[in-house]
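# An overview of the molecular structure
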Amino acid sequence: MGSPTSPDASEATIGHSGRTMTVTAIATFMVSLDQLVVTTALTKIREHLNTGLQGLEWTVNAYTLTFAVFLLTASALAERFGRRRLFLIGLTLFTGASAMAALAPGIGVLIAARALQGMGSAIVLPLSLTLLSAAVPASKRGAALGVWGAVGGLGVALGPVIGGFITEDASWQWIFWLNVPIGVALLAMSSAWLTESHGPLARLDLVGTVLACLGLLGVVVSIIRGDSAGWTSAQTLGAGIGGLVVLAAFVVWELRTPHPMLPMRLFSGRTFATVNLLSLFMFFGMFGSIFLITQYLQTALGYSPFAAGLRFLAWTGVVLIAAPLGGGLSDKIGGKPIIVAGLVLQSVGLLWLTLSITTGSSFLSLVPAFVCNGFGMGLYFGPAGNVVMGSVRREEEGIASGANNAIRELGGVFGVAVLAAVFAGHGGYDTKAHYVHGLHAALWVGFIFVALGAITAVLMPHQRPVPAKAEAEPVGEATREAELALAVGE
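Okay, so let's go over this structure. Note that the structure is predicted; figures quoted are calculated from it, not measured.

This model, assessed by the stated rule, comprises 13 aromatic pairs. Each ring, one from Trp172 and one from Phe176, has its centre 6.2 Å from the other, and the planes form 85°; the classification is edge-to-face. With respect to class, Trp172 is no different from Phe176; both count as buried. Between the aromatic rings of Phe312 and Phe370, the centroid separation amounts to 5.5 Å while the plane-to-plane angle is 70°, which identifies the pairing as edge-to-face. Within this pair, whereas Phe312 is found in the loop between helix 12 (305-311) and helix 13 (313-333), its partner Phe370 is found in helix 15 (residues 363-390), the two being separated by 58 residues in sequence. Under the relative-accessibility criterion, Phe370 is labelled buried at 1%.

Take the side chain of Arg408 next. Mapping Arg408 onto the fold places it in helix 16 (residues 397-426). Setting aside chain neighbours within four positions, we find Arg408 in contact with Trp148, Ser279, Phe283 and Phe381.

When you line up the elements, Arg114 lands in helix 5 (residues 107-135). Given the relative accessible area of 0%, Arg114 is considered buried. Note: C-alpha distance between Arg114 and Asn61 (53 residues apart in sequence) is 8.6 Å. Ignoring anything within four residues of it in the chain, the contact list for Arg114 reads Asp34, Gln35, Val38, Thr59, Val60, Ala62, Tyr63, Thr66 and Phe176.

One non-glycine residue, Asn50, lies in the positive phi region at around 55°. The topology assignment puts Asn50 in the loop between helix 2 (42-49) and helix 3 (53-81).

Counting 95 residues, the largest nonpolar core has Tyr296, Trp315 and Ile339 as the members making the most contacts within it. When near neighbours in sequence (up to four residues on either side) are disregarded, Ile339 contacts Val275, Leu278, Tyr380, Pro383, Ala384, Val387, Ala457 and Met460.

What follows is about the side chain of Ser279. Relative to the helices and strands, Ser279 is located in helix 11 (residues 270-299). A residue is classified by how much of its surface remains accessible, and Ser279, at 1% relative accessible area, is buried. A distance of 2.9 Å separates the side chain of Ser279 from the side chain of Tyr380, its partner in a polar contact. Those residues in contact with Ser279, other than ones at most four positions away along the chain, are Tyr380, Asn404 and Arg408.

Before going further, it helps to spend a moment on the environment of Gln35. Mapped onto the elements of the fold, Gln35 is located in the loop between helix 1 (7-33) and helix 2. For the pair Gln35 and Ala157, spaced 122 residues apart in the sequence, the C-alpha separation amounts to 9.7 Å. Residue contacts for Gln35: discarding those within four places in its chain leaves Tyr63, Phe67, Arg114, Val156 and Glu409.

Running from N to C, helix 6 (residues 141-169) and helix 13 point in directions that differ by 170°, and their axes come no closer than 6 Å. What the angle tells us is that helix 6 and helix 13 run roughly antiparallel. Residues Arg141, Gly142, Ala143, Gly146, Val147, Ala150, Leu154, Ala157 and Leu158 of helix 6 form the contact with helix 13, whose own contacting residues are Leu313, Thr316, Val319, Leu320, Ala323, Pro324, Gly327, Gly328, Ser330 and Asp331. Residue composition of the contact of helix 6 with helix 13, by class: 11 nonpolar, six polar and two charged.

Analysis parameters
Residues numbered from 1 in each chain as written. Predicted model: local features only at pLDDT ≥ 70, side-chain atom pairs only at ≥ 80, totals over all residues. Heavy atoms only, no water. Phe/Tyr/Trp six-rings, centres within 6.5 Å; stacked < 30°, edge-to-face > 60°. Buried < 20%, exposed > 50% of the residue type's maximum accessible area, 1.4 Å probe, protein only. Helix = DSSP H or I, 4+ residues; strand = E, 2+ residues; numbered from the N terminus. Contact = heavy atoms within 4.5 Å. Core = buried A, V, L, I, M, F, W, Y, C linked by side-chain atoms within 4.5 Å. Polar contact = N/O pair within 3.5 Å; in protein donor to acceptor, adjacent residues only side chain to side chain. Axes fitted to C-alpha atoms, helices over the stretch in contact; angles between N-to-C directions. Parallel < 35°, antiparallel > 145°, perpendicular 65-115°, else oblique. Nonpolar A, V, L, I, M, F, W, Y, C, P; charged D, E, K, R; others polar.

Right, here's the structure in full:
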C-alpha cells in the first residue's frame, strides 16, 4: 500500500482536488449569477405579472435579504450536521426555488421563490469555499481560492448580460429555468465526488442562531427600506435599532455560551479581525459604486441594459485574469502585499472615475479606470480568502468562511443603500447633469471607504506563505497550532 507521499496517493489527492474544484466552481458561478441576473428582466416581469415598483423592489431585495441573513446560520448547521450534506440541501433548495420562480403565476410567488433562492445560495456559496479549501493542499490553496473568487466574480459580472440576452431573445422565465438542469447535474456530481466533513462536535447553538438571524434581518430590512419608507421613519428606525440591539445580545450570548456558533475569540486575532474589516470597507465602497455606475452607462450614456452589461465587462471581466494571479502570488509571498496592492488599485480607479465622469464621457475614456478597478478587485479576492482560512484552525474554517461572507454581503448591502442615499440627496434621474452630480458625490464616499481599507491593510500582520512540504505529510493538532501561530505572526 502506498504511503501518503507515494505517486498513487498524490494522484488520488490531485484527482479529488480537481473534482471538488469542478463542483464548487460550477455551483459558485450558478448562485453568483442569480444575484444580478434578474435586474435586466424587471421590465418584462412588471408587464407580465402586472406589478408595480414595490413588487419589483422586493423581487431583487428578497434574494439579497435572505442570502445575507442565513450565511452564518448555514455555516453553523454545516459544521454540526455535515458540510457535504448541507451543500446538497442548499443545491436542492436553490434548484427547486428556481423552478418555482419560473412557474410563478404572480408577484407574491416570485418574491417567495427569490427568498428561497437566497437561502439556498447562503448554504452553497460559503460551503463551496470550505469544501474547496479542505480538498486543496495548503501550499496551493491561494491559487485555488483565486480561481474560486474569479468564478464568483464572473458570475456576478455576467448576470446582467445573460439576463438581458435571455429576456430579449426568449422570455424572463428562462433566466430561472436555466438553473434547473445545472442544479440537477451538480446534485449528481456532488453525491459522487464530494466527501463528508464536520466541524467540532459541539452542541448546536440554537439561541445564537436565532439571535443572529433576527438581528441581521432587522438591520438589513432597515437598510433596504430606508429609501422608500424614510430614514427617520418609525419603521426604519425600529427595524434598525431593534436589529442592533439583538445583535448586541448575540455578541453577549456568544461570549457566555460554552458552544458558540461564532466564537468571538476569532476576532481577538489581529489578522482575522483586520481582513474582515477590509472586506466590509471594500464591498461597501465598490459595490455601492458599481450599483450607480451601471445605471450611469444607461441613464447618461444611453446604452441599453444588454449593451451596458457588455461594456461593463471591461471592469468585471478583468477579475477573471487578476484573481488567480493574486491567489498564486499570495502562496509565494503572503497575502498582505497583494491585498494592499488590490485596494490601492481600486482606490485609484474610483478616484479616476470621480474626477473624470461627465455627461459627455465616451466609453473608451472610462476603460482605463474600469480595468484598474477590475484588476484591483481580482487581486483582493483570492488572497483575502486565503488569509481568512489561514488565520483560524482547520476545524474552524467553515465558521470563518461564513462570517467573512456575511460581512462582505452586509458591506455590499450597506454600500448600495448609503451611496444611493447620498446620490438621492445630490442628484436624480430627471436630467443627465443632475444624475452625474449625484454620482460624483456618491463616488467620493465609495472612494473614501476603499482608501480607508487600503490604509488599514497596511497595518495588518504579515501572513507568511505555507511551505510546500506542509502538504506532504499529515499535520497533528499541536503542529497545526504551531504553524498557525507562525503564519499569522501573532
